[in-house]
Amino acid sequence: MDFHWSDPKLWQIIGPVVVVQLILMVAALTALIKAEHTRGPKWVWAIVIVVVNIIGPVAFFLFGRRMDG
Amino acid sequence: MKPLLTAEKLVKSFGGVRAVDGISFAIGEGRCAALLGPNGAGKTTTIRMLAGLLRPTEGRIAFTGLPERSDIRAHIGYLPQSPSFYGWMSGREYMMYAGRLCGLRAADAKRTADELLARVGLAGAGRRRIATYSGGMKQRLGLAQALVHRPKLLVLDEPVSALDPVGRREVLELLKELKRETTILFSTHVLPDAEELCDDIMIVRDGRIVVQGSLPDIRERYREPVITVRTERDEASLEWVKRRAGKAGGPVVSALPFEDGIRFAVSDLDAARRLLLREMADEGVKVARIEAGYSTLEDVFMKAVST
Amino acid sequence: MRGLAAMLGKEWLELARSWKWLWVPLVFILLGIMQPVSYYFLPQLLDAAGNLPEGAVISIPLPSGGEILAGTLEQYGIFGALIIALSFMGAVSQERNTGTGALILVKPVSPAAFVLSKWLAMAALVAASLAAGYAASWYYTVVLIGPVAVGNAMAGAALYALWLLVVGSSALMFSALWKSPAAAAFSALGTFAALALLTSLFPRQLAWSPGRLPAASRELLLEGAAGSLWPTVAVTALCVIGSVLIAVRAVRAHPAD
């Protein structure tokens, strides 16, 4: 169970994790761009979503948008 | 006049405060009636009881031709003062949803949605998300969704007061059209709106109806000779207005001050005119304008809602 | 229950338009994968940290597959419950506060359908997210760590499904009772955190309480048995039904603000 960082087996294992995180981030960014009203400025949310892993997108989805019209 | 809806001795208290304090009225089928009164008079509370959003503390609401405890919501279309929608839906989706809630099949809901959106001038915006609508557009969508089940009675809470002049005109014109096909009850604090649209008026104050009747009937019943005096804003004149306010006697029946003058209801126009002119001359009141004539609806309204 | 089908359609669409159908399952999948992956790499990570003297042997007992899945479920019990409670903390109160609910409840529909449609949407989201996340975790566990006992793993997950459902139902109930969404989330999470804590302190006296679900699930996965669970399951089901009924009553008594 000794891996080097270029080992393909390693990427087979953590590749899906990275992909799912990327999907989550892109989804949050898309939702951010399309959102009519956000709580707080959009650029701050963009930084939070990109920088804070998993929790950033989740926080945006939970608290970032106002869904009423 | 065949009543469509009757409200009997409606009372609503909120923690001891009687916001509506024994209101009774009947709305004739095909009529357009206005609940007219200042803010806080109990209009919204009354309307929300009719719409079923508030349960009356006392009294009852009956819809003609329906059993006592049946669901009157199926026959009422309601529009609150500033309706809120799901911003993530399109106008058309919302209309179809409203239709389905009223028991329409999907195909009928779609057809009704398109018809009504066209009718309120939102055909072009139907596929846009409601979050992007202006206030006037939301009000018109609100009107459309209230009509989705062809209600016998349309209940509107201050339908135009939150709108800009253009939006207000649009909605007023729509209401004029609608009153030809359905019974309407709406609340407003603006007399000209009520005068423009209504057959019947109920003036509400402190949770009670103080004047009630058809528009011509009220004009006739409350028609009285009036003398209106406007003065300069100097000390002597203001002092006189203040002293004269509320003081009746002789040909003067009542005296009601307003912004820059005072309005006298009188029993004998000539006698009152002689009396007041002499009095003002003696007191050195600087008259800007004096007018003798008969009371307008506005006078009735002002008198009814002021203390 | 008039209007249920239409309202369910609306809730479904709202879950999609608010991206919940995407992000909640994704987060469950991430939580699920991370448990086996991090255990798998643990010795390497310790090694890389490199503070150990040359020649020291790190001996960490490799956990069993069941232990990994129990760990995953524990994550769901905490973070999953948090996400579900926060997602539905405003389910009713937001509709009251903004006035969207008033426009719906003046239509000839039943308040029970209004609440039930929200509950069904919540339950569907819980079930789908838990299934997706747990399946991912299970797959990784089998590949990287070792086999798991299928029956116990399923039963353990079912207990957590019930746990998430009862937390979500109470969030829905509190959202119908209280104006503030934050207060609703806090009450729901607080109630069940306290219940779990109390049950772990008095396991015998509170064996019937929904607070036993997390511990029971762990026992199932690690020891293969957890005693009789029917009282717990029955009481939890009653709590779910009770929450929905209370929410319906609250909406009927107080449809709009």
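Conventions we followed
- Residues numbered from 1 in each chain as written.
- Chains lettered and ligands numbered in written order.
- Predicted model: local features only at pLDDT ≥ 70, side-chain atom pairs only at ≥ 80, totals over all residues.
- Heavy atoms only, no water.
- Phe/Tyr/Trp six-rings, centres within 6.5 Å; stacked < 30°, edge-to-face > 60°.
- Helix = DSSP H or I, 4+ residues; strand = E, 2+ residues; numbered from the N terminus.
- Buried < 20%, exposed > 50% of the residue type's maximum accessible area, 1.4 Å probe, protein only.
- Polar contact = N/O pair within 3.5 Å; in protein donor to acceptor, adjacent residues only side chain to side chain.
- Contact = heavy atoms within 4.5 Å.
- Pairing = 2+ DSSP bridges.
- UniProt positions renumbered as here; feature names shortened; annotations may be inferred.
- Domains from an automatic or database assignment.
- Buried area = accessible area lost by both parts, 1.4 Å probe.
- Salt bridge = Lys/Arg side-chain N within 4 Å of Asp/Glu carboxyl O.
- Nonpolar A, V, L, I, M, F, W, Y, C, P; charged D, E, K, R; others polar.
- Axes fitted to C-alpha atoms, helices over the stretch in contact; angles between N-to-C directions.
- Expected span 1.5 Å × (residues − 1).
- Bend = angle between axes of the 7 residues up to and from the residue.

A full pass over the atoms with the stated rule returns 15 aromatic pairs over all chains. Summarising the aromatic geometry, the rings of Phe61 of chain A and Trp23 of chain C are spaced 5.4 Å apart at their centres and angled 0° between planes, so their arrangement reads as stacked. You can see Phe61 of chain A sitting in helix α3 (residues 55–64) and its partner Trp23 of chain C sitting in helix α2 (residues 20–49), one on each of two chains. For the pair Phe61 of chain A and Trp23 of chain C, a shared accessibility class is recorded, and that class is buried.

Moving on, we get to the side chain of Ser87 of chain C. The residue Ser87 of chain C is located in helix α3 (residues 65–88) in this model. A polar contact of 2.8 Å, which involves the side chain of Ser87 of chain C, links it to the backbone oxygen of Ile83 of chain C. For Ser87 of chain C, the residues in contact, after removing those within four places along its chain, are Leu62 of chain A together with Lys20 and Trp23 of chain C.

Strand residues, when the strand is regular, have side chains that alternate between the two faces of the sheet. All names here are of chain B. The element strand β10 (residues 225–231) is largely enclosed, with a buried count of six among its seven residues. When β10 meets strand β13 (residues 287–294), the two strands line up antiparallel, connected through seven bridges. Opposite Arg230, over in β13, you have Arg289 as the bridge partner. As judged from the five bridges shared by β10 and strand β12 (residues 261–266), these two strands associate in the antiparallel manner. Of the residues in β12, the one forming a bridge with Thr228 is Arg263.

Our focus in this paragraph is the UniProt feature "domain: ABC transporter" (unreviewed entry) in chain B. Taken from the UniProt record, the annotation "domain: ABC transporter" (unreviewed entry) applies to residues 5–231 of chain B. For residues 5–231 of chain B, helix accounts for 33% and strand for 30%, while the C-alpha atoms at its two ends are 47 Å apart.

Residue and element names in this part refer to chain B. Structurally, chain B comprises domain 1 (3–220) and domain 2 (224–306). If you average the C-alpha positions of domain 1 and of domain 2, the two centres end up 39 Å apart. Taken residue by residue, the interface counts 15 residues in domain 1 and seven residues in domain 2. For the pair domain 1 and domain 2, the summed buried surface comes to about 810 Å²; carbon and sulfur atoms form 83% of the total. Inspection of the region where domain 1 meets domain 2 yields zero salt bridges. Where domain 1 meets domain 2, there are one residue pair in polar contact (both at pLDDT 80 or more). Every element with two or more residues in the side of domain 1 that touches domain 2 is listed here: α6 (191–197), β8 (200–205), β9 (208–214) and α7 (215–221). In terms of residues, the side of domain 1 that touches domain 2 owes the most to one element, β8, which gives four residues. When the residues that make up the side of domain 1 that touches domain 2 are grouped by side-chain class, the tally is 10 nonpolar, two polar and three charged.

Let's shift gears to the sheet that holds strand β7 (residues 183–188) of chain B. Strands belonging to one sheet form pairs held by backbone hydrogen bonds; the direction of such a pair is parallel or antiparallel. All names here are of chain B. Reading across the sheet, the six strands line up as β5-β6-β7-β3-β8-β9 and stay open at both edges, with mixed pairing between neighbours. Sheet topology places β5 (76–79) and β9 at the edges, where each strand pairs with a single neighbour. This sheet shows a mean twist of 15° between the axes of neighbouring strands, independent of strand direction. Bridge count between strand β3 (residues 32–36) and β8: four bridges; the pairing is parallel. Within the sheet, the bridge partner assigned to Ala34 lies in β8 and is Ile201.

Residues and elements named next belong to chain A. The terminal C-alpha atoms of helix α1 (residues 8–34) lie 37 Å apart, and with 27 residues this matches the ideal 39 Å at 1.5 Å per residue to within 8%. Most pronounced at Ile14, the bend in α1 amounts to some 45°, and the proline Pro16 follows within four residues. Residues of α1 that are buried: Leu10, Ile13, Gly15, Val17, Val20, Gln21, Leu24, Ala27, Ala28, Ala31 and Leu32.

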